[in-house]
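Here are the chains, one letter per residue:
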Amino acid sequence: MTDNDDSGRDAARLPAFSGADVELIERRCLHQGFFRLDELHLRHRLFEGGWSREMTREVHVRHDAVGVLLYDVERDCVALVEQIRAGALDDPESPWKLEIVAGLVEAGESAAEVARREAMEEAGCAVDELIELHTYYPSPGACTERVTLFCGLVDCEGLGGVHGLDEEHEDIRVHVLPFTRAWELLQAGRLDNAMCLIAFYWLAAERASLRARG
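Residues numbered from 1 in each chain as written. Predicted model: local features only at pLDDT ≥ 70, side-chain atom pairs only at ≥ 80, totals over all residues. Heavy atoms only, no water.

If you look the chain up in an unreviewed UniProt entry, it shows as ADP-ribose pyrophosphatase from Billgrantia desiderata. UniProt, in its Cofactor (unreviewed entry) section for the chain, records the words "Mg(2+)". (UniProt positions renumbered as here; feature names shortened; annotations may be inferred.)

Structure follows, in structure tokens:
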């Protein structure tokens, strides 16, 4: 590999700019509900030097979120939750989605605390061990939300039924599935959200080592 290739690799790993290279000219709140929509007027430094022209961007301001894939090593099973999703009302199959347990981070909470809380609220499940997978932006071009993903090692015996908080209008059904059946659903497009896809591809790669350690 040439020196230029090494330089390119390092440049990709280390950001050229930081938040100090953005001038936020104005921020206006367009809507405040459970989430917020802001209009930003900004300019930023350019890779080839100088500054961009002023631009306008709308940004969806959300709480950070946590997802946790509940996995029973001994039984080689996963626990998934099914609920209606407002963003999928026009889905050609159904707005009820199979997902991993997930929730929003409230002030003063750690991601791990949210994972354990949501596992109990949505699935009635206590988590024995949490393995942190990734933290990522689902849509950084338009949304402030960052997601932290975990795999939660659990005992799936007795899990099932309908869960959720009445005050949050939650009606959540729990499904316990063999990993192989869940993987078939993923391949068929039934598990069609980013949290599920990322978490399951991680588990597919690590499942053998998790089972080997017992």
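The structure having been displayed, the exposition proceeds.
(A) Structural detail: the pairing of strand S5 (residues 77-84). Of all eight residues in S5, seven are buried, a share of seventy percent or more. For strand S4 (residues 65-72) and S5, the ladder comprises three bridges, and the chain directions are antiparallel. Note that in S5 the partner of Asp72 across the bridge is Cys77. Linking two consecutive strands that pair antiparallel, namely S4 and S5, is a turn of four residues; a positive phi of about 55° is found at Asp76 within it. Direction of pairing for S5 relative to strand S11 (residues 172-178): antiparallel, over a ladder of six bridges. Counted as the bridge partner of Val78 is Leu177 from S11. (Buried < 20%, exposed > 50% of the residue type's maximum accessible area, 1.4 Å probe, protein only. Helix = DSSP H or I, 4+ residues; strand = E, 2+ residues; numbered from the N terminus. Pairing = 2+ DSSP bridges.)

(B) Region of the structure containing the packing of aromatic side chains. Applying the stated rule across the entire model yields five aromatic pairs. An aromatic cluster is built from Phe179, Trp183, Phe200 and Tyr201, whose rings are joined through pairwise contacts. The ring of Trp51 has Arg43 sitting right over it, with the charged end atom 4.6 Å from the ring centre. One Lys or Arg, Arg62, reaches over the ring of Phe35 and ends 4.2 Å from the middle of that ring. (Phe/Tyr/Trp six-rings, centres within 6.5 Å; stacked < 30°, edge-to-face > 60°. Lys NZ or Arg CZ within 6 Å of the ring centre and 35° of its normal.)

(C) Looking closely at the pattern of salt bridges. Counting across every chain of the model gives 22 salt bridges. What you see here is one network of salt bridges that share partners, running through Asp72, Arg75, Asp155 and Glu157. (Salt bridge = Lys/Arg side-chain N within 4 Å of Asp/Glu carboxyl O.)

(D) Region of interest: helix H3 (residues 179-187). Among the residues making up H3, those that are buried are Phe179, Ala182, Leu185 and Leu186. Taken down its axis, H3 places every buried residue within 120° of arc, on the same side. Considering only its buried residues, H3 is in contact with S5, strand S6 (96-99), S11 and helix H4 (194-213). A positive backbone phi angle near 90° is found at Gly189, which sits one or two residues after H3. (Arc of directions from axis to C-beta. Contact = heavy atoms within 4.5 Å.)

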